[in-house]
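A look at the structure
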Amino acid sequence: MPMPTDHRPGTTPDAEPAAPLEPAPVVPLISVRDLSVEYRVSRTNSWLMAVADVNLDVHEGEFLTVLGSSGCGKTTVMNTIAGLVQPTEGEVLIDGRRVTGPGPDRAVVFQDYALLPWRTVVDNIRFGLEMQPGRRRADWRAQVADAIRLVGLDGFEDSYPRELSGGMQQRVGLARALVAEPRILLMDEPLGAVDALTREVMRAELERVITATGKTVVFITHSIDEAIVLGDRVAVFGAHPGRVLEILPVDLPRPRSEQGVMAQPGFVELRDHLWGVLQGDARSASRGVAGS
Ligand SMILES: Nc1ncnc2c1ncn2[C@@H]1O[C@H](COP(=O)(O)OP(=O)(O)OP(=O)(O)O)[C@@H](O)[C@H]1O
Ligand SMILES: [Mg+2]
């Protein structure tokens, strides 16, 4: 029978004390690794390289904004994180596990709203809850009502998408994603069709809700100001093929009430820098086209 010992197996009692353990490396919540996506273009019977060699980490609770010109692959990368598009090369990991399809940990606000035309506003938003298997449904009315209030659609509960403006449809899409309370929110220009005033109110509200709930967000925008106001970091994409040009931290205090933050020297400096990066990419793209 083995005798009890006062030391762990494999060590000796008079061995040197073990060195202090290194802190475990922090695993990013989202990790996009060496991602390339090619689409088949049936019209020309060829392949189009939409994004090439994208590497991107997003940490738990982080708000990452993605900025870039039209067609540079922002939606493609987001859809790959959502599990709706499969990588041609590379992979996406969530919490260290490879993404193979959509899951309840991720909700998407689509660029083209993607509402169900035969459902009312309430039922479209409720769809966000229906996509969460195993969730308690008893209090869905209260949850949907909260989401409607948040996006300012009170009074339109029973309207159909065809009866709403583009900006209102976009807000239904936003409410549908928020009501699902996912760990990760993937937002593809969620305020693109909203008027300037509503946009400002919703930005502030989004920042408040998201910082209060600690959600992890990937937020696509064409607006440099929006990228800075909302982001903890800004990933700038370039085109032909789509790729990450730079990832910049936004070291500005929160909450960032828009007027206040835009006057800060740090904001102006960052905006000028981002302009420069985007213009440089546009110039090299036009040289590429002219030279081809
Ligand atoms: N399903 C598809 N089939 C073929 N090509 C596609 C498909 N989806 C996107 N593309 C092409 O891939 C490239 C990147 O498209 P993507 O929609 O990711 O760009 P984006 O950065 O989101 O643009 P925007 O800012 O205009 O929304 C474009 O050249 C587009 O034409
Ligand atoms: Mg897009």
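Predicted model, so just to flag it, every value in this text is computed and none were measured.

1. A word on the sheet that holds strand β7 (residues 184-188)
Taking strand neighbours across the sheet as the criterion, the 6 strands line up as β6-β7-β8-β3-β9-β10 in an open arrangement whose pairing is mixed. Each edge of the open sheet carries a strand with a single partner, namely β6 (106-109) and β10 (243-249). Strand-to-strand twist across the sheet, computed as the mean angle between neighbouring axes with direction ignored, equals 15°. As judged from the 5 bridges shared by β7 and strand β8 (residues 216-221), these two strands associate in the parallel manner. In the sheet register, Ile184 faces β8, and the bridge partner there is Thr216.

2. Here's the deal with the site of ligand 1
Neighbouring ligand 1 are 14 residues; Tyr39, Ala50, Ser70, Thr75 and Thr76 lie closest to it. Element by element, the count of residues in the shell around ligand 1 is highest for helix α1 (residues 74-82), at 3 residues. Considered class by class, the residues forming the shell around ligand 1 number 5 nonpolar, 8 polar and 1 charged.

3. Observations regarding the nonpolar core
By size, the foremost hydrophobic cluster in this structure holds 65 residues, and its most contacted members are Ile81, Ile125, Ala175, Leu186 and Val218. Looking at this core, the element that brings in the most residues is helix α4 (residues 166-179), giving 7 residues. In this structure, this core is formed jointly by two domains, domain 1 (30-40 + 47-105 + 183-286) and domain 2 (117-181), each of which donates at least three residues.

4. A closer look at the domain arrangement of the protein
When cut into domains, the protein gives domain 1 (30-40 + 47-105 + 183-286) and domain 2 (117-181). Measuring from the centre of the C-alpha atoms in domain 1 to the corresponding centre in domain 2 gives 24 Å. Examining the composition of the side of domain 1 that touches domain 2, we find that 3 residues originate from one element, helix α5 (residues 196-213), more than from any other. Of the residues that constitute the side of domain 1 that touches domain 2, the class distribution is 6 nonpolar, 1 polar and 2 charged.

5. What to know about the confidence of the model for the protein
Scored by pLDDT, the protein has a mean of 88; 90% of the residues are at 70 or more. The least confident element of the protein is helix α7 (residues 258-262), whose mean pLDDT is 79; the most confident is strand β4 (residues 89-94), at 98. Low pLDDT, under 50, characterises residues 1-12; the predicted model gives this stretch 3 contacts beyond four residues in sequence or across chains.

6. What to know about the packing of helix α2 (residues 121-130) against helix α3 (residues 140-151)
Two elements in contact, α2 and α3, have axes whose closest approach is 10 Å; the angle formed by their N-to-C orientations is 115°. It follows from the interaxial angle that α2 and α3 lie roughly perpendicular. Between α2 and α3 the crossing geometry is right-handed. Only Trp140, Gln143, Val144, Ala147 and Ile148 of α3 make contact with α2, whose side of the interface consists of Val122, Ile125, Arg126 and Leu129. Considering only residue class, the contact of α2 with α3 consists of 7 nonpolar, 1 polar and 1 charged.

7. Regarding unusual backbone geometry
Look at the link from His240 to Pro241: it is a cis peptide, with omega at -10°. Within the secondary structure layout, Pro241 lies in the loop between β9 (233-238) and β10. The linkage connecting Arg254 with the following residue, Pro255, adopts the cis geometry, with an omega of -5°. Its place among the elements puts Pro255 in the loop between β10 and α7. Backbone geometry places Asn45, a non-glycine residue, at a positive phi of 50°. Assessed through the 7 C-beta atoms surrounding it within 10 Å, Asn45 is described here as exposed.

Analysis parameters
Residues numbered from 1 in each chain as written. Chains lettered and ligands numbered in written order. Predicted model: local features only at pLDDT ≥ 70, side-chain atom pairs only at ≥ 80, totals over all residues. Pairing = 2+ DSSP bridges. Helix = DSSP H or I, 4+ residues; strand = E, 2+ residues; numbered from the N terminus. Axes fitted to C-alpha atoms, helices over the stretch in contact; angles between N-to-C directions. Near = placed C-beta within 6 Å. Nonpolar A, V, L, I, M, F, W, Y, C, P; charged D, E, K, R; others polar. Core = buried A, V, L, I, M, F, W, Y, C linked by C-beta atoms within 7 Å. Buried ≥ 20, exposed ≤ 12 C-beta atoms within 10 Å, placed from the backbone. Domains from an automatic or database assignment. pLDDT = per-residue confidence, 0-100. Contact = placed C-beta atoms within 7 Å. Parallel < 35°, antiparallel > 145°, perpendicular 65-115°, else oblique. Left-handed = near helix turned anticlockwise from the far one by under 90°.

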